[in-house]
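Working through the structure, step by step
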Amino acid sequence: MMDSFIFPGLTTRVVFGAGTLSRAQEEVRRLGHDKVLVLSTPHQKADAEKLAESLGDLASGIFAGAVMHTPVEVTETAVEAFRASGATAVVSLGGGSTTGLGKAIAVRTGADQVVIPTTYAGSEMTDILGETASGEKTTRRSPDIRPETVIYDVDLTLSLPVGLTVTSAMNAIAHAMEAFYAPDRNPVIELMCRDAMVAFRDGIPRLIEDPQDRSARTKALYAAWCCSTALGYVSMALHHKLAHVFGGSFDTPHAETHAILLPYTTAFNEQAVPDLLRPIADTFGGGSAGGELWDFAQTVGSPMSLKALGIEESDLDRATAIAVKNAYTNPRPIDPGSIRELLQAAWEGRRPG
Ligand code: NAD
């Protein structure tokens, strides 16, 4: 039990279930809008078109150009499309890339956001926006960035490929892992994270067997909501810093990077706060949290090494230097030697002790 805490409250309205996409019109109207721009990636354009059709007169257009890491050039084009369409809100249908574009439009125009997440990445509940300009990714937080409404529709996740299902779930688990030791953690977030660990542990192996298993998809999407809430309401530390270093400076794919680093960052911090990470260790098998997550990752076919992601061993010194350049809060003190060791193990894919 925590002796003292601050619970900031949760501000985003959440609609969760199967077939909830049909509630989009009602949710847009509830926010007081009568013109919205629908956003997606090129890959999910057909889904965006279907959604726009179901929104009828409410949809003033579609912008299907969202890409990973929210490049500002794409945002500028999207903002022009948003203004030209006469929309006052966006409906973002897709994973973190589409949600990121919606946030980037919102922060520049004051648009409200209805987000319909289709991966487990977890951007939808957060006030965080990462953007890329001239090859550099920067992150900011602001209340204007946090979406007003999130519609989770289990049906939309049935099409998520098995590979992305696994890595996106590991990405979500990383939010919970850092929430367990966040200095600003609170009992509500902790309960959500504990629940999410069990739901992912049980749901992901079933989805590998059958990606269309609705009850496992429901578990996984519920867990994703819990983890996204953790990401959005308490502070993250070393794990997210390292994932940002690789995504931002080495252009590695987002979900895979999180998935590979997770057992190593967990094991690293477990040395300082074993009791706080006990819920993870207990959920995944009872050994060490880092070791159990590595075993789980291997069982579910997650990518296991930075080497397999195309990172060269010689890149690890530069990654270490970037990771330790600015100070940030972490349960275990950070120094170049120990971070370099962590990265070496993650590069080789060696099981953490
Ligand atoms: P993504 O949004 O880029 O999706 C990956 C690909 O999968 C895309 O082509 C997408 O169209 C496709 N896809 C998505 N859902 C699908 C489905 N159900 N069926 C079939 N295909 C589907 O990847 P992501 O991992 O969801 O998001 C990564 C991005 O989100 C990164 O840029 C990351 O920085 C950002 N992010 C931001 C936050 C935040 O709080 N700001 C949090 C998490 C992630």
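Residues numbered from 1 in each chain as written. Predicted model: local features only at pLDDT ≥ 70, side-chain atom pairs only at ≥ 80, totals over all residues. Heavy atoms only, no water.

On to the nonpolar core. Grouped together as the largest cluster of nonpolar side chains are 51 residues, with contacts concentrated most on Tyr120, Ile173, Met197, Phe200, Ile204, Leu277 and Ile280. Of all elements in the fold, only strand S8 (149-153), helix H5 (162-180), helix H6 (187-209), helix H7 (214-233), helix H9 (254-270), helix H10 (278-284) and helix H11 (289-299) reach the threshold of two or more residues within this core. A per-element tally of this core places H5 first, with 10 residues. Residues lining this core come from more than one domain, with at least three contributed by each of domain 1 (13-157) and domain 2 (162-348). Among all residues touching Ile173, those that are not within four sequence positions of it are Met197, Phe200, Cys227, Leu262, Phe284, Leu293 and Phe296. (Core = buried A, V, L, I, M, F, W, Y, C linked by side-chain atoms within 4.5 Å. Buried < 20%, exposed > 50% of the residue type's maximum accessible area, 1.4 Å probe, protein only. Helix = DSSP H or I, 4+ residues; strand = E, 2+ residues; numbered from the N terminus. Domains from an automatic or database assignment. Contact = heavy atoms within 4.5 Å.)

Attention shifts here to the site of the ligand. If you check the shell around the ligand, you find 23 residues, and the closest are Thr41, Ser97, Thr118, Thr119 and Thr126. Between the ligand and the protein, one listed contact pairs an oxygen atom with a backbone N or O atom of His69 at 3.0 Å. Note that an oxygen atom of the ligand is positioned 2.7 Å from one of the side-chain N or O atoms of Thr119. In the complex, the protein chains occlude 87% of the 860 Å² of accessible area that the ligand would expose alone. Of the residues belonging to the shell around the ligand, the class tally is 7 nonpolar, 14 polar and 2 charged. (Near = heavy atom within 4 Å. Polar contact = N/O pair within 3.5 Å; in protein donor to acceptor, adjacent residues only side chain to side chain. Areas by Shrake-Rupley, 256 points an atom, 1.4 Å probe, with all protein chains shown as cover. Nonpolar A, V, L, I, M, F, W, Y, C, P; charged D, E, K, R; others polar.)

On to the packing of aromatic side chains. Counted by the stated rule, this structure contains 5 aromatic pairs. Between Phe16 and Tyr152, the aromatic rings sit 5.8 Å apart at their centres with planes inclined by 45°, giving tilted as the arrangement. On the criterion of sequence distance, the pair formed by Phe16 in strand S1 (residues 13-17) and Tyr152 in strand S8 is long-range, its members being 136 residues apart. Consider the rings of Tyr222 and Trp225, whose centres lie 6.0 Å apart with planes at 55°: the pair is tilted. Highlighted residues: Tyr222 and Trp225, both in helix H7, separated by 3 residues, approximately one helical turn. (Phe/Tyr/Trp six-rings, centres within 6.5 Å; stacked < 30°, edge-to-face > 60°.)

What the domain assignment lists for the chain is domain 1 (13-157) and domain 2 (162-348). Relative to domain 2, the C-alpha centre of domain 1 lies at a distance of 26 Å. Contact residues are listed per partner, giving 24 residues for domain 1 and 29 residues for domain 2. When residues of domain 1 are sorted by the area they lose upon contact with domain 2, Phe16, Tyr120 and Met125 head the list and together hold 32% of the total. At the boundary of domain 1 with domain 2, the tally comes to 1 salt bridge. Between the two partners, domain 1 and domain 2, sit 11 residue pairs in polar contact (both at pLDDT 80 or more). Among the secondary structure elements, those contributing two or more residues to the side of domain 1 that touches domain 2 are S1, strand S7 (136-141) and S8. When residues of the side of domain 1 that touches domain 2 are assigned to their parent elements, the largest contribution, 3 residues, is made by S7. When grouped by side-chain class, the residues that make up the side of domain 1 that touches domain 2 number 9 nonpolar, 8 polar and 7 charged. (Buried area = accessible area lost by both parts, 1.4 Å probe. Salt bridge = Lys/Arg side-chain N within 4 Å of Asp/Glu carboxyl O.)

Turning next to the packing of H5 against helix H8 (residues 238-250). Relative to each other, H5 and H8 sit at 140°, their axes nearing to 9 Å. Classed by the angle they form, the pair H5 and H8 counts as oblique. Here Ala174, His175, Met177 and Glu178 of H5 lie close against H8, whose contacting residues are Leu238, His239 and His240. Each residue belonging to the contact of H5 with H8 can be placed in one class, and the counts come to 3 nonpolar, 3 polar and 1 charged. (Axes fitted to C-alpha atoms, helices over the stretch in contact; angles between N-to-C directions. Parallel < 35°, antiparallel > 145°, perpendicular 65-115°, else oblique.)

Its location among the elements puts Ser40 in the loop between strand S2 (36-39) and helix H2 (45-55). Every residue in contact with Ser40, bar those within four places of it in the chain, is listed here: Lys45, Ala48, Phe63, Ala64, Gly65, Ala66, Leu93 and Thr98.

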